[in-house]
Amino acid sequence: MSAYVNPALKAFADSIGEERDFVETRIRRLDGGRFELRHAAEAALPANSLEPVDLPGLRRVARITASGAFRPNKAAPGLRGGWMHTVRTLPELGLAIDALYPGAVPDWFAGQLPTPPITHFKDFTARQTGLYRITQILPTPLAARTVQACCGEQFCLRRRLWTTEGLAPDDATAKSALPCLEPCALLLDLARRAMKLEQEEKHALAVSHGDLPVLVAALERALEDPSPAVREGNTMDPANPRRIQLMLEVLRPLLPKPDASGPTSPE
Ligand code: SF4
């Protein structure tokens, strides 16, 4: 009697061909039904320069960045390299992919369906209770800004299929083949934080046209070099990269438009 093979896993394995990249991982078909996984950026390295890891080792690779920070979102860019994992069977391949990207194979399979099972932002927040019920009243423009701040490819390599008003899904070629079928816990938390901030008393801050680009440049610089001490999932922290990105979503549209007539002479 042949062993049952999950149809999603079978379709995923068929999609590999000789090799394919999936999110940040290169998957290579070997002889005898085996597969090798390694970081896609290390595809050309000789195998003996990489450390063979077992399944628990692969989970550790996915859990911690090279600088030792916890990765709450396993689809975030920044998977560390230096490792190699070999599997002998399709079920082992499924376990390996799940170690790197939890839930990825069923999500990938669902994303291939003519009508993927998507939960849009409004439907997702409508079912929230308790602490997160507040996300139901997020004004439409703030919801769109929050999604842009949370789901950009500098933070997440899942391709967003769901939408919120005023924001289209990610382009079919964007990010990776791993779809996002519904908002995740990180987004929900940022949405809650954004609504709390929206409800706070506001400062009337007069910023000149000339100073606005300074603020934007400083925030962009902070995003390029985030402190390793800042936890990705802690949106209470004002230095959280998604909080900074949320602020940028507010400030960038206010920047003076570049002068179409070309550079002007110095004042
Ligand atoms: S909601 Fe956004 S951040 Fe969360 S998994 Fe989906 S695309 Fe990524």
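Residues numbered from 1 in each chain as written. Predicted model: local features only at pLDDT ≥ 70, side-chain atom pairs only at ≥ 80, totals over all residues. Heavy atoms only, no water.

1. Observations concerning the site of the ligand
Every residue close to the ligand is listed here: Cys150, Cys151, Cys156, Arg158, Trp162, Cys180, Pro183 and Cys184. Of the residues belonging to the shell around the ligand, the class tally is 7 nonpolar, no polar and 1 charged. (Near = heavy atom within 4 Å. Nonpolar A, V, L, I, M, F, W, Y, C, P; charged D, E, K, R; others polar.)

2. Describing the pairing of strand β5 (residues 83–87)
Among the 5 residues in β5, 4 count as buried, and that is most of the element. In this sheet, β5 lies alongside strand β3 (residues 35–39) in antiparallel orientation, the contact comprising 4 bridges. Bridged to arginine 38 within β5 is methionine 84. Sheet topology places strand β4 (residues 51–52) next to β5; 2 bridges connect them, and they run parallel. Note on β5: the bridge partner recorded for glutamate 51 is tryptophan 83. The handedness of the β4 to β5 crossover, carried by helix α2 (residues 55–63), is right-handed. (Buried < 20%, exposed > 50% of the residue type's maximum accessible area, 1.4 Å probe, protein only. Helix = DSSP H or I, 4+ residues; strand = E, 2+ residues; numbered from the N terminus. Pairing = 2+ DSSP bridges. Right-handed = clockwise from strand over helix to strand, strands pointing away.)

3. Section: the environment of proline 238
Structurally, proline 238 can be placed in the loop between α8 (212–224) and α9 (241–251). If we ignore the near neighbours within four places in the chain, the residues touching proline 238 are Arg243 and Ile244. (Contact = heavy atoms within 4.5 Å.)

4. Here we look at the domain arrangement of the chain
Each assigned domain of the chain is listed with its residue range as follows: domain 1 (7–112) and domain 2 (121–254). Summarising the inter-unit geometry, the C-alpha centres of domain 1 and domain 2 are found 28 Å apart. The interface is formed by 16 residues belonging to domain 1 together with 16 residues belonging to domain 2. Note on domain 1 versus domain 2: buried area summed over both sides is about 1200 Å², and carbon and sulfur give 69% of it. In terms of surface lost to domain 2, no three residues of domain 1 exceed Asn73, Pro77 and Asp107, which account for 34% of the buried area on that side. As a salt-bridge pair, aspartate 107 and arginine 158 come within 2.8 Å of each other at their nearest N and O atoms. In this structure, the connection of domain 1 to domain 2 is made through 3 residue pairs in polar contact (both at pLDDT 80 or more). (Domains from an automatic or database assignment. Buried area = accessible area lost by both parts, 1.4 Å probe. Salt bridge = Lys/Arg side-chain N within 4 Å of Asp/Glu carboxyl O. Polar contact = N/O pair within 3.5 Å; in protein donor to acceptor, adjacent residues only side chain to side chain.)

5. Quick look at the nonpolar core
Counting residues in each nonpolar core, the largest one holds 30 residues, and the members touching the most others are Phe22, Ile27, Leu93, Ile97 and Leu100. The set of elements that each furnish at least two residues to this core consists of α1 (7–16), β3, α2, β5, α3 (90–100) and α4 (104–112). Here this core gathers at least three residues from each of two domains, domain 1 (7–112) and domain 2 (121–254). Look past the residues within four positions of isoleucine 27 in its chain and what remains in contact with it is Phe12, Ile16, Glu18, Glu19, Arg20, Phe22, Phe35, Glu36, Leu37, Leu93 and Ile97. Core analysis: the second largest hydrophobic core is formed by 20 residues, Ile134, Leu138, Ala191 and Leu246 among them. (Core = buried A, V, L, I, M, F, W, Y, C linked by side-chain atoms within 4.5 Å.)

6. Some details on the packing of α2 against α3
At a minimum axis separation of 8 Å, α2 and α3 run at an interaxial angle of 25 degrees. As the angle between them shows, α2 and α3 are arranged roughly parallel. Here Leu55, Leu58, Arg59, Val61 and Ala62 of α2 lie close against α3, whose contacting residues are Leu95, Ala96, Ala99 and Leu100. (Axes fitted to C-alpha atoms, helices over the stretch in contact; angles between N-to-C directions. Parallel < 35°, antiparallel > 145°, perpendicular 65-115°, else oblique.)

7. Side note on the environment of glycine 103
Inspection of the secondary structure assignment puts glycine 103 in the loop between α3 and α4. Residue classification places glycine 103 among the partly exposed residues on the basis of a relative accessible area of 25%. Measuring from C-alpha to C-alpha, the distance between glycine 103 and leucine 131 comes to 26 Å, with 28 residues separating the pair along the chain.

8. Re the sheet that holds β4
Taking strand neighbours across the sheet as the criterion, the 5 strands line up as β1-β2-β3-β5-β4 in an open arrangement whose pairing is mixed. A strand with exactly one partner marks an edge of an open sheet, and here the two such strands are β1 (19–22) and β4. Note: strand β2 (residues 25–29) against β3, 5 bridges, orientation antiparallel. Residue pairing in the sheet places arginine 28 in a bridge with glutamate 36 of β3. With respect to the sheet, α3 is in contact with β1, β2, β3 and β5, its orientation differing from that of β3 by roughly 15 degrees.

9. A word on a nonpolar patch on the surface
On the surface, Leu205, Val207 and Leu215 cluster together into a nonpolar patch covering about 270 Å² of accessible area. Counting through the fold element by element, leucine 205 comes out in the loop between α7 (185–199) and α8. (Patch = residues over 30% accessible without salt bridge, like charges linked within 9 Å, V, L, I, M, F, W, Y side chains within 5 Å. Areas by Shrake-Rupley, 256 points an atom, 1.4 Å probe, with all protein chains shown as cover.)

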